[in-house]
Amino acid sequence: IMNVAVGGTNSFFPDNVANGGYSKPWSNQDRNAPEKFWRAKNQWQPTWQGDDAAMIVDSVKMWQLE
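Along every chain, residues carry numbers that run from 1 in the direction the sequence is written. Under the rules for a predicted model, residues below a pLDDT of 70 receive no local features and side-chain atom pairs below 80 are neither given nor counted, while totals for whole chains, interfaces and linings still include all residues. With hydrogens and water set aside, each side-chain value is computed from the structure's full complement of heavy atoms.

What am I meant to see in unusual backbone geometry here?
Keep in mind that most residues, glycine aside, have a negative phi and that most peptide bonds are trans. With phi around 65°, Asn16 is a residue other than glycine that occupies positive phi space. Helix and strand assignments come from DSSP, with helices taken as H or I runs of at least 4 residues and strands as E runs of at least 2, each series counted from the N terminus. With respect to the helices, strands and loops of the structure, Asn16 is situated in the segment before strand E1 (18–19).

Would you take a moment to explain the pattern of salt bridges for this structure?
A carboxyl oxygen of Asp or Glu within 4 Å of a side-chain nitrogen of Lys or Arg is what we treat as a salt bridge. All told, the structure shown has three salt bridges when counted by the stated rule. Linking Asp30 and Lys36 is a salt bridge whose minimum nitrogen-to-oxygen distance equals 2.6 Å. What makes Asp30 buried here is its relative accessible area of 17%. Glu35 is the partner of Arg39 in a salt bridge, and the nearest nitrogen-oxygen pair spans 2.6 Å. On the criterion of helical spacing, the pair formed by Arg39 and Glu35 is a turn pair, its members being four residues apart in helix H1 (residues 33–39). Note on exposure labels: buried denotes an accessible area under 20% of the residue type's maximum, exposed denotes more than 50%, and partly exposed covers the range between, all computed with a 1.4 Å probe on protein chains only. Arg39 sits in the exposed class, given a relative accessible area of 64%. Look at Glu35 and you get partly exposed, because its relative accessible area is 39%.

Could you clarify how one ought to interpret the environment of Phe12 in this entry?
With respect to the helices and strands, the residue Phe12 is situated in the segment before E1. With relative accessibility at 74%, the residue Phe12 sits in the exposed group. When the C-alpha positions of Phe12 and Asn28 are compared, they lie 9.2 Å apart, and in sequence the two are 16 residues distant.

Looking at this structure, I do not really get the nonpolar core. What am I missing?
In globular proteins that are soluble, nonpolar side chains generally tend to be buried together. Nonpolar cores were defined as sets of buried Ala, Val, Leu, Ile, Met, Phe, Trp, Tyr and Cys residues, with membership established by side-chain atoms within 4.5 Å. Trp26, Ala33, Phe37, Ala40 and Trp44 form the largest nonpolar core, which has five residues in total. If near-sequence neighbours (up to four positions away) are discounted, Trp44 is found in contact with Phe37 and Trp38. Residues are treated as being in contact if the distance between any of their heavy atoms lies within 4.5 Å.

Could you clarify how one ought to interpret the environment of Tyr22 in this entry?
Following the sequence through the fold, Tyr22 ends up in strand E2 (residues 22–23). As a C-alpha pair, Tyr22 and Gln43 span 21 residues in sequence and 6.8 Å in three-dimensional space. Leaving out residues up to four positions away in the same chain, Tyr22 has contacts with Val17 and Gln43.

Put into structure tokens, the structure is as follows:
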């Protein structure tokens with residue numbers, strides 16, 4: 001699985017972290033985290049620009065285990 005996940009509550013993105021001068025708008029114990037993430041889009045969306053905000057894959061290798 002390859003993905004770019006946002007708005008999680010699994011502590012991968014710790015509470016009290018700031019980006020672009022704005023604090024994370026939800027806590028890891030918050031049941032409404034996705035809604036709070038979306039409502040704060042005016043803060044985080046401008047920070048998602050160019051290659052710094054993208055997942056770029058150079059190659060993918062696969063093996064078959066026997």
